[in-house]
Amino acid sequence: MNISSYPDQEILNIAFGFKKHLKEKYLRSADNVMPLDEAFIYRFKALFYEVQSQHKIQDSAQKTQSYLVSLEELTDQARAYLIVFRFYLQKAFPYDSELSEQYGYVEMERIKQDHAEMRSLLERTIAIIHERNKYLVAANCPDCTLEGILSLSNKINQVHDELLREMKRAQEHTNTYKQNIKELFSLMEKIHSYASDNLKDDPEKLKYFTLPSTNYIH
C-alpha cells in the first residue's frame, strides 16, 4: 500500500473508522506478532487527533496572501516616491548617470516582483539621503518625499519580515503534518495487516480494520 494513493481526507476518514472501533472490536491472540495493546491504541488515537487538527488549519495561505497584498500596496507607494526622488537626484547630480540608473523603468518593474530587491534599493536610497542630504535640499527635493521613503522603508521591512516568519511557520507546519500523517498511515497499515491475519474468520469485525482498495476511494 502506498500513502500517495490515498488523499489526505480519505486517510483521515479511514483512520476515524479505525479509531471508533479499535478498542471495542479488536481481538488479541496469544501468538500475534504485533498485539494492538493499550499503548498502541493510545498512540493511534493521539496521532489521529493531532493530524486531524493540523489538517483543519487553513489560515496560513490567507495570512500569506494578506501580507503579499500589503507589500504590493506599499511597493506601489514606494515606487511613486522613488520616481520623484530620481528626478531630484538627477537635478542634484546631473553628471552622475549611474546614480539615477538604479531608479529606471526596468528596476522599478523588477522590484515589484522581488521584495528583497525592494528592501535593498530602499536601503541604498536611505544611505544616499543621509550622505547627500544637503545636495538634495539644494535641488529642492521635498521633505515629504524623503520622509515618505524613510517611512515606507520601515513599513516594508516590517511586513516583509512578518511574511517571511509566516512562510517559515507554514513550512514547519507542513513538514510536521506530512511526518505525522505518514506515521498515522504506517499505524493504519499495521492495523490492516494485524486484522487481515487475525480476523480473517470474522469478516464482520475485519471490515472495520482494512484499508480499502484505492479503486474504491471517492
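Residues numbered from 1 in each chain as written. Predicted model: local features only at pLDDT ≥ 70, side-chain atom pairs only at ≥ 80, totals over all residues. Heavy atoms only, no water.

Undergrad: Before we move on, could you go through the overall build of the protein chain and cite the residues and values that matter?
TA: Helix and strand counts for the protein chain stand at nine helices and zero strands. Taken from N to C terminus, the helices and strands of the protein chain fall in the order α-α-α-α-α-α-α-α-α. Expressed as a percentage of the 218 residues in the protein chain, the buried residues total 38%. In the protein chain, 77% of the contacts between residues at least 6 apart in sequence involve partners at least 24 apart. (Helix = DSSP H or I, 4+ residues; strand = E, 2+ residues; numbered from the N terminus. Buried < 20%, exposed > 50% of the residue type's maximum accessible area, 1.4 Å probe, protein only. Contact = heavy atoms within 4.5 Å.)

Undergrad: Describe the environment of K63, and please don't skip the residues or the numbers.
TA: Summarising the element assignment, K63 is placed in helix α3 (residues 59-92). Linking K63 and L74, residues 11 residues apart in sequence, is a C-alpha distance of 17 Å.

Undergrad: Tell me about the packing of aromatic side chains, and name the residues and values.
TA: In the structure shown here, the tally under the stated rule is eight aromatic pairs. Aromatic pair F93 and Y135: ring centres 5.6 Å apart, planes at 55 degrees, arrangement tilted. Placement of F93 in the loop between α3 and α4 (97-101) and of Y135 in helix α7 (residues 133-138) is noted, with a sequence separation of 42 residues between them. In this structure F93 comes out as buried when scored by relative accessible area, which is 14%. Taken together, F16, F48 and Y49 form an aromatic cluster joined through their ring pairs. For R132, the ring lying beneath its charged end belongs to F93, and the centroid distance is 4.9 Å. (Phe/Tyr/Trp six-rings, centres within 6.5 Å; stacked < 30°, edge-to-face > 60°. Lys NZ or Arg CZ within 6 Å of the ring centre and 35° of its normal.)

Undergrad: Talk me through the nonpolar core; I want residue IDs and the actual numbers.
TA: In terms of nonpolar packing, the biggest core is built from 27 residues, with F18, F44, L184 and M188 touching the most fellow members. Elements with a minimum of two residues in this core: α1 (8-25), α2 (38-56) and α8 (143-198). The dominant element in this core, judged by the number of residues it contributes, is α8, at nine residues. If you look at the next biggest cluster of nonpolar residues, it comprises 26 residues, including F93, L121, I128 and L136. (Core = buried A, V, L, I, M, F, W, Y, C linked by side-chain atoms within 4.5 Å.)

Undergrad: Could you give an account of the pattern of salt bridges, naming the residues involved and the relevant values?
TA: Under the criterion given, the structure shown has 10 salt bridges. Two residues, R43 and E183, come together in a salt bridge whose shortest N-O distance is 2.9 Å. Of this pair, R43 sits in helix α2 while E183 is found in helix α8, placing the two residues 140 residues apart along the sequence. Through salt bridges with shared partners, a single ionic network connects D76, R79, E109 and K112. (Salt bridge = Lys/Arg side-chain N within 4 Å of Asp/Glu carboxyl O.)

Undergrad: With reference to specific residues and values, describe unusual backbone geometry.
TA: Positive phi, normally seen in glycine, also occurs at N140, with a value near 65 degrees. For N140, the position within the fold is in the loop between α7 and α8.

Undergrad: Describe helix α6 (residues 115-131), listing the residues and the values that go with them.
TA: Taking 1.5 Å per residue, 17 residues should reach 24 Å; α6 reaches 24 Å between its end C-alpha atoms and fits that length. Buried within α6 are the following residues: H115, M118, R119, L121, L122, T125, I126, I128 and I129. The opening residue of α6 is D114, an N-cap whose side-chain oxygen sits 3.1 Å from the backbone nitrogen of A116. (Expected span 1.5 Å × (residues − 1). Polar contact = N/O pair within 3.5 Å; in protein donor to acceptor, adjacent residues only side chain to side chain.)

Undergrad: Would you mind going over the state of the cysteines in detail, with residue names and values included?
TA: Per the counting criterion, the structure on display carries zero disulfides. Left without a disulfide partner, C141 is nearest to the cysteine sulfur of C144, which lies 8.2 Å away. Residue class for C141 comes out buried when judged on its relative accessible area of 5%. (Disulfide = S-S within 2.5 Å.)

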